[in-house]
Amino acid sequence: MEEIIIRGGRRLEGKLRLQGSKNSSLPILAACVLADGVSVLHNCPVLTDVAAAVRILEHLGCTVTREGHTLTVDSRGVSCYTVPEDMMHEMRSSIVFLGAMLGRLGKAELCTPGGCEIGLRPIDLHLSSLRALGAQIEEQNACLHCVCREKLKGTVISLSFPSVGATENIMLAAVLAEGSTTILNAAREPEIDDLAAFLCACGAKVQICSGGAIRIEGVKKLHGAEHTVISDRIAALTYMAAAAACGGDVVLEQVQTAHFLSVNRVFEQAGCRVTATPGEVRIQSQGRLSAVRDIRTLPYPGFPTDAQAAVMAMLCTAKGTSVMVETIFENRFHHVHELNRMGARIRIEGRVAIIDGVASLTGTAVTAVDLRAGGALAVAGLAAKGETVLRGVHHIDRGYENIEACLRALCADMERSAVRGNRQQKFQPPVRQCGG
Ligand code: UD1
């Protein structure tokens, strides 16, 4: 077991080359199952979630090699149509393999990825959409037995909510279906565009239309392709929140700045200067931040739920009272208890968090119970006075590549070590893998 020790209170300065997107890499890796050939994916981050996706690919019969940030996936040998329970439980997004397996093999047997600390996270939209394409899905003891008696057939699917995962699953299943599929009220996240770009490079016909529609014309076969994964907008926002909270002047390189325009406004309202140039974003922060009164998480292009925790950590020491409303997940405030233990004053009323800014946070031992809570506690530790011992590091490693080295490159004082001694902790939340 590892922990990250942060000696806070340092100004952050410097340049950092941003990692590739976790949330793009995972569905694109699943898409490799569809391509009967060799795919080369550049800018794939080194994360435990990516490693979990690779294990599923290998189990299905793919050969996967990694060289730095490039993964090569040879999917010519895909023949297995089951995913063992332990692999499914490693991460929620393993469910996107369902659409890909149905598309390639016409059948799939896997367990549901299970509940999650950040809410129920059901998969009803995934299943009803795949059924609409013609898949027969039986649910038995949290396992799914899926077959397509005939080839999947394109249809019109109108999502009641623009679920990212459901949109991806439909795209993956529909590219090899007969005829055309239209997804209405589809998710519009940049990761959807990235998946579409990879699928098109493999020979699929996917068109992202205005107004949240996606049109897919089924083709008979896909081939492998070379693709560069987009940069990770959530990692970018976490590092920006850290720079804002600590004060500093940070440049993030290799970013698609258009992907987080809506969030720049929040940093500016807090008193930071954000300058976006092609491929780079610079954040400058001086003096105490100001509170931001109305932040509401929304589907893209709204404020991302994945950035809620890190931005909340940033606002803990802002002057005045900030208000954040979480509309996407019903239970995504697990970081609040730990932030309050560091001296923050945050109240939760249902889906609303009210953050009364305090003059400073104080380092202590804290535990991350999910990925984005981990990012938030790192931000808080960097801004806090004294030493923070951050546990639950395995959650952080799911989505942030070598977080301590990245932040050290920005002059942070932090390091990873094996868990030390028998440090007392007042709060021991359940440790459970979940999506994010
Ligand atoms: C993806 C992201 C995650 C992000 C989330 C929202 C990946 C790997 N993960 O997760 O980081 O926080 O989008 O931007 O890309 N829902 C249903 N039924 C369904 C599916 C979803 O009710 O069948 C609900 C969920 O419970 C949740 C909301 O829809 O309340 C959003 O979920 P969704 O967009 O599907 O998120 P994920 O794809 O799981």
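Look up a bit, the structure's there.
Residues numbered from 1 in each chain as written. Predicted model: local features only at pLDDT ≥ 70, side-chain atom pairs only at ≥ 80, totals over all residues. Heavy atoms only, no water.

1. Points about the state of the cysteines
- Using the criterion set out here, one finds 0 disulfides in the structure.
- Counting only cysteine sulfurs, Cys 62 is the nearest neighbor of Cys 80, a cysteine outside any disulfide, at a range of 10 Å.
- Free of any disulfide, Cys 202 has its nearest neighbouring cysteine sulfur in Cys 32, separated by 6.8 Å.
- The buried category is assigned to Cys 202, whose relative accessible area is 1%. (Disulfide = S-S within 2.5 Å. Buried < 20%, exposed > 50% of the residue type's maximum accessible area, 1.4 Å probe, protein only.)

2. Side note on the pattern of salt bridges
- Under the definition given, this model contains 25 salt bridges.
- In this structure, the salt-bridge partner of Asp 36 is Arg 104, at a minimum N-O distance of 3.3 Å. Separated by 68 residues along the polypeptide, Asp 36 in the loop between helix 1 (22-31) and strand 3 (38-42) and Arg 104 in helix 4 (residues 96-105) bring together distant segments of the chain.
- Exposure remark for Asp 36: the relative accessible area of 31% places this residue in the partly exposed category.
- For Arg 55, the salt bridge identified is with Glu 90, shortest N-O distance 2.5 Å. With Arg 55 in helix 2 (residues 48-60) and Glu 90 in helix 3 (residues 85-90), this pair connects stretches of sequence that are 35 residues apart.
- When its relative accessible area of 36% is taken as the criterion, Arg 55 is described as partly exposed.
- Residues participating in the shared-partner salt-bridge network are Glu 2, Asp 397, Glu 404 and Arg 416. (Salt bridge = Lys/Arg side-chain N within 4 Å of Asp/Glu carboxyl O. Helix = DSSP H or I, 4+ residues; strand = E, 2+ residues; numbered from the N terminus.)

3. Some remarks on the pairing of strand 5 (residues 70-74)
- Taken together, the 4 bridges between strand 3 and strand 5 define a ladder with antiparallel strand orientation. Each residue of the ladder has a partner; that of Val 40, found in strand 5, is Thr 72.
- Sheet topology places strand 4 (residues 63-67) next to strand 5; 5 bridges connect them, and they run antiparallel. Bridging from a neighbouring strand, Glu 67 pairs with Thr 70 of strand 5. (Pairing = 2+ DSSP bridges.)

4. Some words on the sheet that holds strand 22 (residues 365-367)
- Pairing within the open sheet is mixed, and its 4 strands lie in the order 22-23-1-24. Every other strand in the sheet has two partners, leaving strand 22 and strand 24 (413-418) as the edge strands with one partner each. Averaged over all pairs of adjacent strands, the angle between strand axes in this sheet comes to 25°, irrespective of strand direction.
- By the bridge criterion, 4 bridges tie strand 1 (residues 2-7) to strand 23 (residues 387-391) in an arrangement that is antiparallel. Across the sheet, residue Ile 5 finds its bridge partner in strand 23, namely Val 389. (Axes fitted to C-alpha atoms, helices over the stretch in contact; angles between N-to-C directions.)

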